[in-house]
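# Examining the three-dimensional arrangement
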Amino acid sequence: MTRVLDRLLARHGGAHNWRRAQTISVHHRFGGALWAIKGVEGLLDDARTTVRVHEEWTTQTPFGPQGLRSTATADRVVLETGDDEDELVEELKDPRSSFAGHVLQTPWTPAQLAYFSGYAMWTYLTEPASLLHPGVRVEEIGPWQEDGETWDRLRVTYPASVATHSPVQTVYVDAEGLLRRRDYDVDIAGGSPSAHYASGFEEHGGLVLATHRKIFVRGQHGHPVTDPVIVSIDLDEIRVESTAD
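This report concerns the structure included in the present document. (Residues numbered from 1 in each chain as written. Predicted model: local features only at pLDDT ≥ 70, side-chain atom pairs only at ≥ 80, totals over all residues. Heavy atoms only, no water.)

### Things to note about the overall build of the chain
Across its full length, the chain carries 4 helices and 14 strands. Over its C-alpha trace the chain gives a radius of gyration of 17 Å, about what one expects of a compact globule, namely 18 Å for 245 residues. Projected onto its principal axes, the C-alpha coordinates of the chain cover approximately 50 × 50 × 30 Å. Relative to its 245 residues, the chain shows a buried fraction of 53%. (Helix = DSSP H or I, 4+ residues; strand = E, 2+ residues; numbered from the N terminus. Rg over C-alpha atoms; globule rule 2.2 N^0.38 Å. Buried < 20%, exposed > 50% of the residue type's maximum accessible area, 1.4 Å probe, protein only.)

### Here's the deal with the pattern of salt bridges
Evaluation of the coordinates by the stated rule reveals 16 salt bridges. For glutamate 146, the salt bridge identified is with arginine 181, shortest N-O distance 2.8 Å. Here glutamate 146 is found in strand β7 (residues 137-146), whereas its partner arginine 181 is found in strand β10 (residues 179-186), with 35 residues between them in sequence. For glutamate 146, a relative accessible area of 10% translates into the label buried. In this structure, aspartate 174 engages arginine 180 in a salt bridge whose closest nitrogen and oxygen atoms are separated by 3.0 Å. (Salt bridge = Lys/Arg side-chain N within 4 Å of Asp/Glu carboxyl O.)

### Comments concerning empty space enclosed by the protein
Under the defined criterion, the tally for this structure stands at 1 cavity of 30 Å³ or more. Each pocket or cavity is described by its volume, and for the largest cavity that value is around 50 Å³. Around the largest cavity, the lining residues are His12, Tyr124, Leu125, Glu127, Leu179, Phe201, Val208, Leu209, Ala210 and Arg213. Looking at the lining of the largest cavity, the elements with two or more residues in it are α4 (110-126) and β12 (207-218). The dominant element in the lining of the largest cavity, judged by the number of residues it contributes, is β12, at 4 residues. Partitioning the lining of the largest cavity into residue classes produces 7 nonpolar, 1 polar and 2 charged. (1 Å grid on protein atoms, 1.4 Å probe; cavity = no way out; pocket = protein on both sides within 12 Å on 5 of 7 lines; lining within 4 Å. Points joined across faces, edges and corners; volume = space filled by probe spheres on them. Nonpolar A, V, L, I, M, F, W, Y, C, P; charged D, E, K, R; others polar.)

### Quick notes on the pairing of strand β9 (residues 168-173)
Moving residue by residue along a regular strand, the side chains alternate between the two faces of the sheet. For β9, the buried fraction is high: 5 of the 6 residues fall into the buried class. By the bridge criterion, 6 bridges tie strand β8 (residues 149-157) to β9 in an arrangement that is antiparallel. Considered in β9, the bridge of valine 156 is made with glutamine 169. Where β9 meets β10, 4 bridges bridge the pair, whose relative direction is antiparallel. Across the sheet, residue valine 173 finds its bridge partner in β10, namely leucine 179. The loop that links β9 with its antiparallel partner β10 comprises 5 residues; one of these, glycine 177, has a positive phi angle of about 95 degrees. (Pairing = 2+ DSSP bridges.)

### Side note on the environment of leucine 34
Along the chain, leucine 34 turns up in helix α3 (residues 34-37). For the pair leucine 34 and valine 229, spaced 195 residues apart in sequence, the C-alpha to C-alpha distance is 8.6 Å. In this structure leucine 34 touches Leu104, Trp108, Phe116, Ile230 and Val231, once residues within four positions along its chain are discounted. (Contact = heavy atoms within 4.5 Å.)

### Description of the side chain of threonine 123
By secondary structure assignment, the location of threonine 123 is in helix α4. Taking relative accessible area as the criterion, threonine 123 reaches 1% and is therefore assigned buried. Once residues within four sequence positions are removed from consideration, threonine 123 is found in contact with Ser130, Tyr158, Ala163, Thr164 and Arg182.

Rendered as structure tokens:
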């Protein structure tokens, strides 16, 4: 690990607590312009997300007005009734390939939304532990000045086995060791350049997690275009399940 990654991991709860953590479950509220652009407004605006920390797996419910449950991995998405019968409603195998030719304005199906939201929430909720996932490469690329502060930057390169926004991303770490920003291009939305800010850090079950996120278009020279907000994410009712010491 790099010096900055060591500091980042320590500030967000430490390697021991992240190794012990098995699942993270949150109540989320989504906002921003993206959902209407994609024709999926309201399907996941007010729901619960649960992720497994050590494998890419996300479930979200209620999904849409029928109260479905989505389950997303890197290579499969299912929508089920979410009751005792667990009746399959829709399945999408190799979901990434279904976005071929998409631009920002291309509508999403419910299963495509489940894939996007699933991998995105897994990435966010499991950071910085997800930076230690097998095959992920991290390197320091120098400081960045923002709002009178100096943040360290890490270039993160993900393997093809990890579903995420783009193979190469940049994370920004402040002087306290908090992960304040993440830059990426949303490959499944025409490579839309994004600047993602995290705030409202709280400790839950030994882990330090961001409870508020805002995502903007990343403009010229890396600075955010703050109007409109593309996506906002607010979390509460956070539960961390961990193994015993």
